[in-house]
Amino acid sequence: MQDHFKSATQTALVEFVGIVIFAAAVALAAGLVPPTLSGAPLVVVGVLLALVPAAIWLVAFYRQDRVEPEPKRYVVGVFVLGAVLAQAIGQPVIRDLFQVQRWAGDDPLLGFLGSVLIVGLVQEFLKYAAVRYTIFNAAEFDQPVDGIIYAASAGLGYATMLNIQYVIGNGGVDLGVGAIRVSVEALAQASSAGVLGYFLGQAKFRSMGPLWLPAGLLAAALLNGAVNTLIDRAPLIGTFGFNAWYGLVAAAVIAGVTFGSLMAVMGRLNAAALKQGKA
């Protein structure tokens, strides 16, 4: 058990170092290119900024599935489905149907409730749907830890689409801040989805009762909303004007703690599976 916990902790640290190196490299390159890109260069940079952090976090989660690794084509398929659901359903519902951006900006409490009960619930339900109505009943979903793997993959697909829209929608971004933001967004979406995936994995292999999955969906939405609120609200704290780093650092701490906890849980689930296999 201790070996698995140590391995999970080392993996989390390695992935964090990888993200830091990526962000530092982008920040360094930012001084060598125009501060605002447009046209084709913007699209290329946006896709790269969105894909690199997602790939790093996806590898981090996938490497924890040591007992019986999932087929890569299924993991990638759920990733793509998460991105498609974000573009086709998630963002139109949040932006056009509920129009959260119009009424949740002035009041902090209203903004938090909107982030949890609308943004969080919509995003997390779509991640849930990407797993529950595809791979959940397949033979390949044969361990509780698989719920975290597939849900995190759907979350990273969702985050990738959000990040591409963020870069392109802003008509160009500060590459240093942009690299950190897309990295935090990817980690946050994967971590909240991973929490939901834990509930999915337990629901498939244990009798958890009818309220178990709704509770998991609400927990993931709460984490999702908390991170989004910090990214949006924390930059306004203080007397020195808007500072995007406040929100990014605060959100990274919450998402990072969740990520580390998920790595530890996955190590424990793997150890339990190995023990059961030897019994």
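Before reading on, note that the structure itself is shown above.
Residues numbered from 1 in each chain as written. Predicted model: local features only at pLDDT ≥ 70, side-chain atom pairs only at ≥ 80, totals over all residues. Heavy atoms only, no water.

**Some thoughts on the pattern of salt bridges**
Here is the rule: Every case where a carboxyl oxygen of Asp or Glu lies within 4 Å of a side-chain nitrogen of Lys or Arg is listed as a salt bridge. Remark: exposure states derive from per-residue accessible area (1.4 Å probe, protein chains only) relative to the maximum for the residue type, with buried under 20%, exposed over 50%, and partly exposed in between. Comment: elements are numbered from the N terminus, with helices defined as DSSP H or I runs of at least four residues and strands as E runs of at least two.
Going through the model one piece at a time under the given rule, you end up with 2 salt bridges. Note that Asp96 and Arg95 form a salt bridge whose closest N and O atoms lie 3.3 Å from each other. Given a relative accessible area of 45%, Asp96 falls into the partly exposed group. Among the salt bridges present, the one from Lys127 reaches Glu124, with a minimum N-O distance of 2.8 Å. Of this pair, Lys127 and Glu124 both sit in helix H5 (residues 108-132), separated by 3 residues, roughly a single helical turn.

**Comments concerning the packing of helix H3 (residues 72-97) against helix H6 (residues 145-169)**
As a reminder of what qualifies: What counts as an axis is a line fitted to C-alpha atoms, over the stretch in contact for a helix, and the angles between N-to-C directions run from 0 to 180 degrees. Here is the rule for angles: anything less than 35 degrees is roughly parallel, anything more than 145 is roughly antiparallel, 65 through 115 is roughly perpendicular, and the remaining ranges are oblique. A clockwise turn of the near helix away from the far one marks a right-handed crossing, whereas an anticlockwise turn of less than a right angle marks a left-handed crossing. Two residues form a contact once any of their heavy atoms are found within 4.5 Å. We call Asp, Glu, Lys and Arg charged. Ala, Val, Leu, Ile, Met, Phe, Trp, Tyr, Cys and Pro are nonpolar, and the rest, Gly among them, are polar.
Look at H3 against H6: their axes get within 7 Å of each other, and the N-to-C directions meet at 50°. Taken together, H3 and H6 sit at an angle that is classed as oblique. As for the relative orientation of H3 and H6, their crossing is right-handed in sense. Here H3 contributes Tyr74, Val75, Val78, Phe79, Gly82, Ala83, Ala86, Gln87, Gly90, Gln91 and Ile94 to the contact with H6, which in turn contributes Ile149, Tyr150, Ser153, Ala154, Leu156, Gly157, Tyr158, Thr160, Met161, Leu162 and Gln165. Broken down by class, the residue content of the contact of H3 with H6 amounts to 14 nonpolar, 8 polar and no charged.

**Focus on H3**
Going by this rule: Any helix carries an expected span of 1.5 Å times its number of residues minus one.
Between its terminal C-alpha atoms H3 stretches 35 Å, which fits the 38 Å expected from 26 residues at 1.5 Å a residue. Listed in full, the buried residues belonging to H3 are Val75, Val78, Phe79, Gly82, Ala83, Leu85, Ala86, Gly90, Gln91 and Ile94. Downstream of H3 by a residue or two, Gln99 has a phi angle that is positive, lying close to 50°.

**What to know about the packing of aromatic side chains**
Which entries qualify depends on this criterion: Note on aromatic pairs: the rings of Phe, Tyr and Trp (six-membered ring only in Trp) are paired at centre separations within 6.5 Å, and the planes decide the class, stacked below 30 degrees, edge-to-face beyond 60, tilted for the rest. In this scheme, Lys NZ or Arg CZ marks a charge over a ring once it lies within 6 Å of the ring centre and within 35 degrees of the ring normal.
Taken as a whole and assessed by the stated rule, the structure comprises 7 aromatic pairs. With a centroid separation of 6.1 Å and 90° between ring planes, the pair formed by Tyr128 and Tyr133 is classed as edge-to-face. Tyr128 sits in the buried class, given a relative accessible area of 13%. Of the residues examined, Tyr133 reaches a relative accessible area of 57% and is grouped as exposed. The interplanar angle of 25° and the centroid separation of 6.1 Å between the aromatic rings of Phe141 and Tyr150 together place this pair among those described as stacked. Judged on exposure class, the residue Phe141 and its partner Tyr150 are both buried. Through pairs of rings, three or more aromatic residues link up here, namely Phe136, Phe141, Tyr150 and Phe205. When the ring centre of Tyr74 is taken as reference, the NZ or CZ atom of Arg73 above it lies at 4.6 Å. A cation over an aromatic ring shows up here: Lys204 above the ring of Phe136, its NZ or CZ 5.5 Å from the ring centre.

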